[in-house]
Amino acid sequence: MVSQILNVCLQIIEALIAFYFYESVSRLSNGKIKRFFAVIIGYLIMCVLNLAFDYNVIVNNIALVLFHFAFSHIIYKIKISYSVFYSILFTCLVGISEISVINILTALSGDNTRAFIDDTFTYVLLIVFSKSILFFVLRIIISIINRFESSKKINVAFIIYSFSLLVTIIDFILISYQYDLSNNNKIILSVSSIFLTIAVIITCIVQQQNSQKEKELTELRAIQQKQEIESTYFELLEHQNEELQIFVHDMQKHLYNLYNLSSNSDKSKEYIKNLSIDLSESNKIGKTSNKLLDLIIDKYYYFSLKHNLQFETEIHSSNLSFIADNDLTSIFNNLLDNAVEAAIKSKERKINLSINSFGSMLTIDLTNSCDKAPVLKHDKLISTKQEQGMHGYGFKSITKAVKKYSGDIEWDYNETDKTFNISIIFPQ
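Everything quoted here is computed from the prediction, not taken from an experiment. (Residues numbered from 1 in each chain as written. Predicted model: local features only at pLDDT ≥ 70, side-chain atom pairs only at ≥ 80, totals over all residues. Heavy atoms only, no water.)

## Things to note about the environment of N7
Here's step 1: Structurally, the position occupied by N7 is in helix α1 (residues 2-25).
Here's step 2: Taking C-alpha positions, N7 is 9.0 Å from N50, a pair spaced 43 residues apart along the chain. (Helix = DSSP H or I, 4+ residues; strand = E, 2+ residues; numbered from the N terminus.)

## Considering the pattern of salt bridges
Here's step 1: For the structure on display, the rule yields six salt bridges.
Here's step 2: Close ionic contact of R35 with E23 constitutes a salt bridge, the shortest N to O distance being 2.8 Å. Of the two residues, R35 is situated in helix α2 (residues 32-52) and E23 in helix α1; the sequence distance between them amounts to 12 residues.
Here's step 3: The salt bridge partner of D408 is K403, with a shortest N-O separation of 3.8 Å.
Here's step 4: Since its relative accessible area comes to 47%, D408 is described here as partly exposed. (Salt bridge = Lys/Arg side-chain N within 4 Å of Asp/Glu carboxyl O. Buried < 20%, exposed > 50% of the residue type's maximum accessible area, 1.4 Å probe, protein only.)

## With respect to the nonpolar core
Here's step 1: Counting 36 residues, the largest nonpolar core has I331, F332, I351, I364, I424 and F426 as the members making the most contacts within it.
Here's step 2: For this core, the elements supplying multiple residues, two or more each, are α9 (291-306), α10 (325-344), β2 (350-358), β3 (361-369), α12 (394-404), β6 (408-414) and β7 (419-427). (Core = buried A, V, L, I, M, F, W, Y, C linked by side-chain atoms within 4.5 Å.)

## Topic: the packing of aromatic side chains
Here's step 1: Scanning the model with the defined rule gives 13 aromatic pairs in all.
Here's step 2: Residues F21 and F90 carry aromatic rings whose centres are separated by 6.1 Å and whose planes lie at 55 degrees to one another, so their mutual orientation is tilted. Of this pair, F21 sits in helix α1 while F90 sits in helix α4 (residues 80-109); the two residues are 69 residues apart in sequence, bridging distant segments of the chain.
Here's step 3: Aromatic rings pair up to connect F21, Y22, Y76, Y82, F85, Y86 and F90 into one cluster. (Phe/Tyr/Trp six-rings, centres within 6.5 Å; stacked < 30°, edge-to-face > 60°.)

## Quick word on the confidence of the model for the protein
Here's step 1: Here the protein shows a mean pLDDT of 75. Residues at 70 or above account for 61%.
Here's step 2: For residues 282-286, every residue scores under 50 in pLDDT, and the model assigns this stretch 12 contacts once sequence neighbours within four places are set aside.
Here's step 3: Confidence over residues 386-392 falls short of pLDDT 50; this stretch has nine contacts with residues more than four positions distant or in other chains. (pLDDT = per-residue confidence, 0-100. Contact = heavy atoms within 4.5 Å.)

## A look at the packing of α2 against helix α3 (residues 57-75)
Here's step 1: Packing of α2 against α3 leaves a shortest axis separation of 10 Å and a crossing angle of 165 degrees. Taken as axis vectors, α2 and α3 run roughly antiparallel relative to one another. The hand of the α2/α3 crossing is right-handed. Note on element contacts: α3 touches α2 through N60, A63, L64, F67, H68, F71 and I75, opposite R35, A38, V39, G42, Y43, I45, M46, L49 and N50.
Here's step 2: Across the contact of α2 with α3, the residue classes break down as 11 nonpolar, four polar and one charged. (Axes fitted to C-alpha atoms, helices over the stretch in contact; angles between N-to-C directions. Parallel < 35°, antiparallel > 145°, perpendicular 65-115°, else oblique. Left-handed = near helix turned anticlockwise from the far one by under 90°. Nonpolar A, V, L, I, M, F, W, Y, C, P; charged D, E, K, R; others polar.)

Below, the structure written as structure tokens:
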């Protein structure tokens, strides 16, 4: 009877720790009291299951994972991927803290591992020490989780690591319950559990940090590209303003010539036609319905003029509103950056960009002259620029942005024509 009461106490303490954990990692504010009682009731149900199945390790761990998934996803509205990760991680930490304390206490006392439930004093120590360890570790994990954005998709490897750790911990618990281990083996088993958990947590932290750094590099590149667009756009506006001043200055002479040619209608028409062409060529801004796309195209059009590149566009559809501005910037700036870099080094010095719509598909095709075949590493394109630090993320940024909108990207190099082509298809 005493052990059953203590088991209820253990479950309530663990429920309080679980409530603290999910309140700390979630962003809910209202309804805290309802969530508190929901977690407490869930743990009391688990307590009944433990008694009904006579503390069966496998049943206990399965129930713990399922109930914690319900806490996380249903009560705290956390995404499914994170809920799976949190439920497995919490179950692992519960098992590790209990098995470590049980083995250490029984090693010090010399009692049989399976007899700890019947010993009130040992069971109280188990509750105090194991839940203290659990609370302390979760505090560390909470501080780590809050450093990263929970809106980002969780790495699948985290769930695999946690699940593998859970299976290992269950094996350790079964070994501790079913075999009379020596004191040294109990300590070794406990220390192994702790180090294994630390290794998994550190691995997850390092991978998350690397993922965060890559994201920051991509964001920095997007910011840099936007700044370049603004700088080039203002330079282009200044250039066009100068051209406009010259044109206005010459307009008076044109009008005077038209007046003198009024007697010759054919010559007048030809003159007016040429003047109209000049007017069209003097205004390249705003040719599509997407303002950001206009800015990007104008940037590289002007750059091509300065570097004697032939930059042709064939845009029959610019309905790219489904793509966020930062992703649109990343796709087209990285595409055209690479195209310009290759075209400058080539003999033909040509770039052709076309955007078309075919039924429910929108296609982007970019072809540029390229005298040397692209460099591959593990069947993936890599940058040939000397500053590998940020530029190495160019094609990776394109691919990531395209996949975000369920698009497909393909590329090929024509050795005969010395051209490089990238094709992107988006469903509309």
